[in-house]
Amino acid sequence: MTTTLPPSERTRSAPPRRPPTTRRRRNGDAPNRPVTALLVVASLAVLVPLYVTVAMALKSSSQAADGNAFSLPWPIDLSSFADAWRITDFPVSFTISVAVAAASVLGTLALSSLAAYAIARNWDRRVFRWSFFYLLGAMFLPFPVVALPQIKMTALLSIDSPVGVALLHIVFQLSFSVLLYTAYLRSIPMELEESARMDGASTWQIFRRIIVPLLGPMNATVGIFAFLASWNDFMLPSLITSDPGQQTLPVLQSIFQSKFDTNYNIAFASYLMAMAPTVLVYLFSQRWVISGVTQGAVKQ
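Since the structure is predicted, the reported quantities are computational estimates derived from the model, not experimental observations. (Residues numbered from 1 in each chain as written. Predicted model: local features only at pLDDT ≥ 70, side-chain atom pairs only at ≥ 80, totals over all residues. Heavy atoms only, no water.)

Asker: Please provide a residue-by-residue account of the overall build of the protein, values included.
Answerer: From N to C terminus, the protein includes 15 helices and zero strands. Out of the 300 residues in the protein, the part that is buried amounts to 35%. Entry remark: accessible area of the protein is about 19500 Å², with carbon and sulfur atoms responsible for 66%. (Helix = DSSP H or I, 4+ residues; strand = E, 2+ residues; numbered from the N terminus. Buried < 20%, exposed > 50% of the residue type's maximum accessible area, 1.4 Å probe, protein only. Areas by Shrake-Rupley, 256 points an atom, 1.4 Å probe, with all protein chains shown as cover.)

Asker: So what about the packing of helix α9 (residues 162-185) against helix α12 (residues 216-231)? Which residues, and what values?
Answerer: Relative placement of two packed helices is described by the angle separating their axes and the distance separating the axes. Following both chains from N to C, one finds α9 and α12 inclined at 155°, their axes separated by 10 Å at the closest point. Taken together, the axes of α9 and α12 lie roughly antiparallel to each other. Helix-helix and strand crossings are classified by hand; for α9 and α12 the assignment is right-handed. Listed contacts from α12 to H169, Q173, F176, S177, L180, Y181 and Y184 of α9 are P217, M218, N219, T221, V222, F225, A226, A229 and S230. Looking at the contact of α9 with α12 residue by residue, the class counts come to ten nonpolar, six polar and no charged. (Axes fitted to C-alpha atoms, helices over the stretch in contact; angles between N-to-C directions. Parallel < 35°, antiparallel > 145°, perpendicular 65-115°, else oblique. Left-handed = near helix turned anticlockwise from the far one by under 90°. Contact = heavy atoms within 4.5 Å. Nonpolar A, V, L, I, M, F, W, Y, C, P; charged D, E, K, R; others polar.)

Asker: I'd like a description of the environment of T221, backed by residues and values.
Answerer: Here T221 is to be found in helix α12. For T221, a relative accessible area of 0% corresponds to the buried category. Spatially, the C-alpha atoms of T221 and Y282 are 9.9 Å apart, while their sequence positions differ by 61 residues.

Asker: An account of the nonpolar core is requested, with residue identities and associated values reported.
Answerer: In terms of nonpolar packing, the biggest core is built from 27 residues, with V178, Y181, L185 and I211 touching the most fellow members. Taken together, the elements giving at least two residues each to this core come down to α6 (90-121), α7 (126-138), α9, α11 (203-214) and α12. With seven residues, the single largest contributor to this core is α6. Those residues in contact with I211 that sit more than four places away from it in its chain are Y117, L185, I188, E193 and I206. Listed in part, the 14 residues of the second largest apolar core include V52, F268, A269 and M273. (Core = buried A, V, L, I, M, F, W, Y, C linked by side-chain atoms within 4.5 Å.)

Asker: Give me the side chain of K59: which residues, what numbers.
Answerer: Structurally, K59 is set in the loop between α3 (33-57) and α4 (61-64). Judged by its relative accessible area of 0%, K59 falls in the buried class. At 2.7 Å, the side chain of K59 and the side chain of S71 are in polar contact. Apart from residues no more than four positions distant in its own chain, K59 is found in contact with A64, N68, A69, S71, P73, D77, S80 and N265. (Polar contact = N/O pair within 3.5 Å; in protein donor to acceptor, adjacent residues only side chain to side chain.)

Asker: Any details on the layout of surface pockets? Residues and values, ideally.
Answerer: Taken as a whole, the largest pocket holds about 500 Å³ of empty space. Lining the largest pocket are 20 residues, with A138, V171, F172, Q173 and S175 sitting closest to its centre. Of all the elements in the fold, those that place two or more residues in the lining of the largest pocket are α7, α8 (143-156) and α9. Considering only residue class, the lining of the largest pocket consists of 15 nonpolar, four polar and one charged. Reported here for the second largest pocket is a volume of approximately 160 Å³. Looking at the second largest pocket, the residues that line it are V46, L47, P49, L50, T53, M275 and V279. Sorting the residues of the lining of the second largest pocket by element identifies α3 and α15 (264-295) as the ones contributing at least two each. Of the residues forming the lining of the second largest pocket, the biggest block, five residues, is contributed by α3. Counted by class, the lining of the second largest pocket contains six nonpolar, one polar and no charged residues. (1 Å grid on protein atoms, 1.4 Å probe; cavity = no way out; pocket = protein on both sides within 12 Å on 5 of 7 lines; lining within 4 Å. Points joined across faces, edges and corners; volume = space filled by probe spheres on them.)

Asker: Before we move on, could you go through the side chain of T88 and cite the residues and values that matter?
Answerer: Its place among the elements puts T88 in the loop between α5 (79-87) and α6. Discounting chain neighbours no more than four positions away, the residues touching T88 are S93, L249, L252, F256 and S270.

Asker: Give a description of unusual backbone geometry that names residues and reports values.
Answerer: Glycine aside, the phi torsion of most residues is negative, and most peptide linkages are trans. In this chain, W74 is followed by P75 through a cis amide linkage whose omega measures 0°. Among the structural elements, P75 can be located in the loop between α4 and α5. A positive phi is found at D89, a non-glycine position, where the angle reads about 50°. Within the chain, S158 stands out as a residue other than glycine whose phi angle is a positive 60°. The residue S158 is located in the loop between α8 and α9 in this model.

Spelled out as structure tokens, the structure:
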């Protein structure tokens, strides 16, 4: 026989229940020291050269010749900027560099997005698939192999000028840009295009009204890569441009370094003036760069 305890006895014999406690995760709250140390070292790798550039640009010729790049510039001398402005003919060379970089960015964005859209939406066709692999193969082609044919080709076509430099910059950026655009376009749902096509929209209307507005983050990513590659390029303009008066700013900055002498303070002042546009471009578009790369890495 089973005996049933009264309610008071059952309450007295049952162990009291403890409220659930929340345990804090130590791994999530504690700082990751190896990663923090790595970030500090990476920050120093950027901040130390930047400090040397600013310090040398603010020194006089006698202070720059003492051999101590880390010493504080005192008294501050701003004559190096005026000398760099005059020697490099900064307004003309800066305008040429901006024009070449702007043409390279716009051409890269337009041509790469169109090519990537055609490849991504026709991946089942062999021609488009092999075209993508062909562009990827061009990324592994070293520049010295094609340097001499490019010089002869631009001379024969009479585009051995900043125009030819901008066109070659677009061609060189095509492979990497198509790779980024293709990965990003695959993450865009096909239902958007199918619904627009059912409403009577053509392929060009779909690309212009639906795809282009969605390419904002990737446009910023591709654009900043194209701008940096064009703005900092020294080899291609020096080989292609035949007129010394039409050279870009990085090529003209090489006149500060000779075999027997180097004007460090004037050179670093010119480098600092040339670095300002790249910093402004990155600060303007940096919030879209990482989002464009990560959104194209995962297919939704």
